Amino acid sequence: MLLQKQRKNNAGAKPGRFLITINVVGSSGPIRFVVNEDDVVAGIIDTALKSYAREGRLPLLGSDANNFLLYCANSESDALSPWEPIGGSRGRNFVLCKKQIQPQLSKGGTEMISDKRSASWKAWLNKSLNFKISSH
């Protein structure tokens, strides 16, 4: 009976608030702040970046939330969707990391890399063959 009364009281209540902990990859300690269950992940990332910068933490991360991913620390799942509510993840501990951006190479760029590789082994070979043996 007591459970039914509590459920009736919570039915018209505002979304819950809870404390989350975000560990930033490369930082010395976590960031903690209170969020609403219906706050979206993109907003959480933005708030975390602002809090991180305000505290003067290193390394410098930047302020563009689109360059970061938020993972739930307690599960081995993919990154959370930026438009997903944070309350849907059922986690309270998260990891924030920067997206890995892979450069787009043109044909000229790949040729340049292959030239660099051939030059590096050629330099190594020349250096090895020119090795001088000195006597005592």
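Let me begin by describing the structure that accompanies this report. (Residues numbered from 1 in each chain as written. Predicted model: local features only at pLDDT ≥ 70, side-chain atom pairs only at ≥ 80, totals over all residues. Heavy atoms only, no water.)

Here's the deal with the environment of S75
Reasoning step 1: Mapped onto the elements of the fold, S75 is located in the loop between β3 (68–72) and β4 (93–98).
Reasoning step 2: Distance from S75 to F94, taken between C-alpha atoms, is 9.6 Å for residues 19 residues apart in sequence. (Helix = DSSP H or I, 4+ residues; strand = E, 2+ residues; numbered from the N terminus.)

Quick word on the pairing of β4
Reasoning step 1: By the bridge criterion, four bridges tie strand β1 (residues 17–24) to β4 in an arrangement that is parallel. Within β4, the position partnered with V24 by the bridge is L96.
Reasoning step 2: Pairing analysis gives five bridges linking β3 to β4, with the strands arranged antiparallel. Its bridge partner lying in β4, C72 is registered against F94. (Pairing = 2+ DSSP bridges.)

Considerations on the environment of F33
Reasoning step 1: Among the structural elements, F33 can be located in strand β2 (residues 31–36).
Reasoning step 2: If sequence neighbours within four positions are ignored, F33 has contacts with F18, L19, I20, I22, I44, T47 and A48. (Contact = heavy atoms within 4.5 Å.)

Comments concerning the nonpolar core
Reasoning step 1: Grouped together as the largest cluster of nonpolar side chains are 22 residues, with contacts concentrated most on I22, L70, I86 and L96.
Reasoning step 2: Elements with a contribution of two residues or more to this core: β1, β2, α2 (41–54), β3 and β4.
Reasoning step 3: Residues in contact with I86, not counting those within four places in the same chain, are F18, V35, N36, E37, D39, V41, I44, L70, L80 and F94. (Core = buried A, V, L, I, M, F, W, Y, C linked by side-chain atoms within 4.5 Å. Buried < 20%, exposed > 50% of the residue type's maximum accessible area, 1.4 Å probe, protein only.)

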